[in-house]
Amino acid sequence: MKYTQLGRTGVKVSRLVLGTMNFGPQTDEADSHTIMDAALDAGINFFDTANVYGWGENKGRTESVIGNWFAKGGGRRDKTVIATKVYGNMAGDGEAWPNHDKLSALNIRRAVDASLKRLKTDHIDLYQFHHIDRSTPFEEIWQAIDVLVQQGKILYVGSSNFPGYKIAQANETAARRGGTIGLVSEQCLYNLAERRAEMEVIPAAQDYGLGVIPWSPLHGGLLGGVIKKEVQGGRRASGRAADTLKDPAARAQIQSYEDLLDKHGLEPGEVALAWLLTRPGVTGPIVGPRTADQLQSALRAVELELGEDLLAGLDEIFPGPGPSPEAFAW
């Protein structure tokens, strides 16, 4: 496994991030523990989750699965950089209650304590804001975070799904307060098929020293050889991938992608991950395996070297938006 610094911090994290959203809803606890053990054995030390994972009546279930894994001992917690998120309403479906969501100081304090209990740990390494809160000023958010850092409950703070201007606003507010490290990472939707983050989000992250953590690196399976699998009678596309393939132009684009990689003798999913590892500012993409075999495929991407001709071919099929403001101005 290869490692890099998390943004401008001194923390070293693996170039692949283990996403745990499937743990509980799609992958049972025993299999989830097997995947986490395999990830740790392979050198993946960066695990990502969120307080709402488990969804519906089972919100918090994923954190509990991880907490039970930590409780097995064997150095599991000490070896893991654990990241979780706050924002979503943790009340049961149909039971939403004021102040049980978003980023008020009240909810942040409540959410941290609940996550710590489920994770069976005394601190969270990276605490991430799952979305922007248009109602809560950053002065209040940072005041709440400062208290939690002083209490030793969290170490670093990151954002997720933030636009570039909110990254700037958050860190400028932190700088004015003094003594607050500010955001150290941004978790955003970024992959070959969805490159809009290159226009504003990633430049802002780089300027402020945030590590970029792409989620959905295969764009819901679209970049994982979906057409080839369909032809071979394998698992059919669903969700975002299925919706995209209904568009003839989009289907032709994905077919060109798969044809290019077939010519090079490469697996589409592994190339999609390896491409992200070549991108400026990227700490590591989040991989969310449902099985141990899927984890092994992701691991191969770390060692994959993409030649200049292949990178140029990928850019031709999936052109980026270009830098801001040139992408939309003279």
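Okay, so let's go over this structure. Just so it is clear, the model here is predicted, and its values are computed rather than measured.

**Structural notes on the pairing of strand β9 (residues 211–215)**
1) Next: Of all 5 residues making up β9, 4 are buried, and the element is well covered by its neighbours.
2) Next: Two elements, strand β8 (residues 183–189) and β9, share 5 bridges in a ladder whose sense is parallel. Pairing of Glu-186 across the sheet is with Val-212, part of β9.
3) Next: Traced from β8 through helix α7 (residues 201–207) to β9, the parallel crossover comes out right-handed.

**Thoughts on the packing of helix α10 (residues 248–264) against helix α11 (residues 268–277)**
1) Next: Between α10 and α11, whose axes approach to 10 Å, the crossing angle comes to 95°. Here α10 is positioned roughly perpendicular relative to α11, judged by the angle of their axes. Two secondary-structure elements touch here, α10 through Tyr-257, Glu-258 and Leu-261 and α11 through Pro-268, Val-271 and Ala-272.
2) Next: Of the residues belonging to the contact of α10 with α11, the class tally is 5 nonpolar, no polar and 1 charged.

**Thoughts on helix α6 (residues 164–177)**
1) Next: Its 14 residues give α6 an end-to-end C-alpha distance of 20 Å, which sits within 8% of 20 Å, the value for a rise of 1.5 Å per residue.
2) Next: Listed in full, the buried residues belonging to α6 are Gly-164, Lys-166, Ile-167, Ala-170, Asn-171, Thr-173 and Ala-174.
3) Next: Residues of α6 that are buried make contact with α5 (138–150), β7 (154–160), β8 and α7.
4) Next: After α6 finishes, the residue Gly-178 shows a positive phi value of roughly 75°.

About the thresholds
Along each chain, numbering runs from 1 in the same order as the chain's sequence is written. For this predicted model, a pLDDT threshold of at least 70 governs which residues receive local features, and a threshold of 80 or more governs which side-chain atom pairs are given and counted, while totals over whole chains, interfaces and linings are taken from all residues. Calculation of side-chain values draws on the structure's entire complement of heavy atoms; hydrogens and water are dropped beforehand. Buried means the residue's accessible area, taken with a 1.4 Å probe over protein chains only, is under 20% of the maximum for its type, while exposed means over 50%, and partly exposed covers the values in between. In this description a helix means any DSSP run of H or I spanning at least four residues, a strand means any run of E spanning at least two, and both kinds are numbered starting from the N terminus. For two strands to be treated as a pair, DSSP must find at least two bridges joining them. Seen with its strands pointing away from the viewer, a crossover is right-handed if its path from the first strand over the helix to the second goes clockwise. In this analysis an axis means a line fitted to C-alpha atoms, helices contributing only their contacting stretch, and an angle means the value between N-to-C directions, from 0 to 180 degrees. Angle categories are assigned with fixed cut-offs, so that under 35 degrees is roughly parallel, over 145 is roughly antiparallel, 65 to 115 is roughly perpendicular, and the rest are oblique. Should any heavy atoms of two residues lie within 4.5 Å, those residues are considered in contact. Residue type decides the class: Asp, Glu, Lys and Arg count as charged, Ala, Val, Leu, Ile, Met, Phe, Trp, Tyr, Cys and Pro as nonpolar, and the leftover types, Gly among them, as polar. Here a helix's expected span is defined as the number of its residues, less one, multiplied by 1.5 Å.

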